[in-house]
Amino acid sequence: MPATKSNCILAQDAGAIARAADVIRAGGTVAVPTETVYGLAARADRDDAVAAIYRAKGRPDFNPLIVHVADLAAAERLAVFDATARALVGAFWPGPMTLVVPRRDEAGLSAAVCAGLPTVALRCPAHPVMRALIAATHLPLAAPSANRSGGVSPTSAAHVVASLGDRADLILDGGLCARGIESTIVAIRPHGGWTLLRPGPIDHDAIVAVLGAGNEVAAHSGIEAPGQLASHYAPGKPVRLDALAPEPDEFMIGFGAIMGAISLSSSGDLAQAASRLYACLHAAAAAMQPRIAIAPVPDKGLGLAINDRLRRAAA
């Protein structure tokens, strides 16, 4: 359903990208679709622009942001890429893969983007609207999910309107996001090591197929990247996981043979479940029932990423 706020325009409208690029260059924020979720974009090289993201989202400033770039050449102007990072870029860029890599001293990024860390999270998105906006601005764009901090991520412009309203200077309505959950995040460690920080559309097995399993190392303590807070993606109601049937006061989200008021995927398709996850949580948040029950989802493949989001939503 198209959004209706006055700050929302169709991405297909003539001049929409040019108008959005003007907002970005002036230091404003633009909600823009990616293949994962809608992001709230601002230029990553200005403190005031990045502060506008934190202010609109109510985001804690210790939580770093992902910076979106056009290609590897643009990424290498901001950070150091070793052979491990280059292998992942070759396999998964453009696409839903974020790399946490050592930031260059001369990167020129706002300090708030990296939340005081010596690393930066970089992604080259595949969505044509986001790519067009990056090309039009000629800037790296910081773009966390376009919703209030800790809430359910948006996969449509209507979700952005419901969560942020006029706190986004402009919303580009590009329809529904195809993947439906945030990017996979991999931290690049010294000497060829790597750590999966956040599961996502590109699963662990796909990464191992490129890098091998020998150099995988455990995660560090503390926040290194977005999506690592214990409570996140929350619908604002108590959530009960692995439910086989709803209680009288629960809105049921089904999966596979377990039916509900709405289903992640009645056929048990994990890709469909991922693409519908946040839409189902938004529907549950808007329902009259005060609690939410969610059917079990297999904890394998893409199900690992789905269950990661569900556990944080229930925390």
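Above this note sits the structure.
Thresholds, definitions, all that
Residues numbered from 1 in each chain as written. Predicted model: local features only at pLDDT ≥ 70, side-chain atom pairs only at ≥ 80, totals over all residues. Heavy atoms only, no water. Core = buried A, V, L, I, M, F, W, Y, C linked by side-chain atoms within 4.5 Å. Buried < 20%, exposed > 50% of the residue type's maximum accessible area, 1.4 Å probe, protein only. Helix = DSSP H or I, 4+ residues; strand = E, 2+ residues; numbered from the N terminus. Contact = heavy atoms within 4.5 Å. Phe/Tyr/Trp six-rings, centres within 6.5 Å; stacked < 30°, edge-to-face > 60°. Salt bridge = Lys/Arg side-chain N within 4 Å of Asp/Glu carboxyl O. Axes fitted to C-alpha atoms, helices over the stretch in contact; angles between N-to-C directions. Parallel < 35°, antiparallel > 145°, perpendicular 65-115°, else oblique. Left-handed = near helix turned anticlockwise from the far one by under 90°. Pairing = 2+ DSSP bridges.

Participant: Hey, could you run me through the nonpolar core in this one?
Facilitator: General note: in soluble globular proteins, nonpolar side chains tend to be found buried as a group. Of all hydrophobic cores here, the largest spans 48 residues; its most connected members are Phe 81, Trp 93, Met 97, Leu 99, Val 101, Val 120 and Leu 122. Of the residues forming this core, the biggest block, five residues, is contributed by helix α2 (residues 47-57). Those residues in contact with Val 101 that lie beyond four places of it in its chain are Ala 79, Val 80, Phe 81, Ala 85, Thr 119, Val 120, Leu 122 and Ile 188. If you look at the next biggest cluster of nonpolar residues, it comprises 30 residues, including Val 37, Phe 255, Ala 287 and Ile 292.

Participant: Is there a simple way to think about the packing of aromatic side chains in this case?
Facilitator: Geometry of an aromatic ring pair is reported as the spacing of the ring centres plus the angle between the planes. Evaluation of the coordinates by the stated rule reveals one aromatic pair. Residues Phe 81 and Trp 93 carry aromatic rings whose centres are separated by 6.0 Å and whose planes lie at 70° to one another, so their mutual orientation is edge-to-face. Taken together, the residues Phe 81 in the loop between α3 (72-76) and α4 (83-92) and Trp 93 in the loop between α4 and β5 (97-102) connect sequence positions twelve residues apart. As far as the burial class goes, Phe 81 and Trp 93 line up, both buried.

Participant: Quick question: what am I supposed to make of the pattern of salt bridges here?
Facilitator: Working definition: two side chains of opposite charge can pair if their charged atoms are close together. This model, assessed by the stated rule, comprises twelve salt bridges. Linking Asp 48 and Arg 46 is a salt bridge whose minimum nitrogen-to-oxygen distance equals 2.8 Å. You can call Asp 48 partly exposed: its relative accessible area is 42%. Salt-bridge contacts for Arg 312 lead to Asp 308; the nearest nitrogen and oxygen are separated by 3.0 Å. A residue pair is termed a helical-turn pair when its members lie 3 or 4 positions apart in one helix, as Arg 312 and Asp 308 do in helix α10 (residues 302-314) at four residues. This pair shows no difference in class: Arg 312 is buried, exactly as Asp 308 is. Shared partners join several salt bridges into a network, and the residues in it are Glu 182, Asp 308, Arg 309 and Arg 312.

Participant: Can you help me understand the packing of helix α1 (residues 16-25) against helix α6 (residues 128-137) in this one?
Facilitator: In the contact formed by α1 and α6, the axes pass within 9 Å of each other and the chain directions differ by 55°. Between α1 and α6, the angle falls in the class oblique. As α1 runs across α6, the sense of the crossing is right-handed. Within the contact between the two elements, α1 uses Ile 17, Ala 20, Ala 21, Ile 24 and Arg 25 and α6 uses Val 129, Ala 132, Leu 133, Ala 136 and Thr 137.

Participant: How should I be thinking about the sheet that holds strand β1 (residues 8-10) in this particular structure?
Facilitator: Think of a sheet as strands paired side by side through backbone hydrogen bonds, with each pair either parallel or antiparallel. Within the open sheet, the ten strands sit side by side as β1-β8-β2-β3-β7-β4-β6-β5-β9-β10. Their pairing is mixed. Of all the strands in the sheet, just β1 and β10 (194-198) have a single pairing partner and so form its edges. In this structure, β1 lies alongside strand β8 (residues 170-173), joined through three bridges in parallel fashion. Residue pairing across strands places Ile 9 opposite Leu 172, the latter belonging to β8. In the packing of α4 onto the sheet, contacts are made with β5, β9 (184-188) and β10, and the angle to β5 comes to roughly 160°. In the packing of helix α8 (residues 204-211) onto the sheet, contacts are made with β5, β9 and β10, and the angle to β10 comes to roughly 160°.

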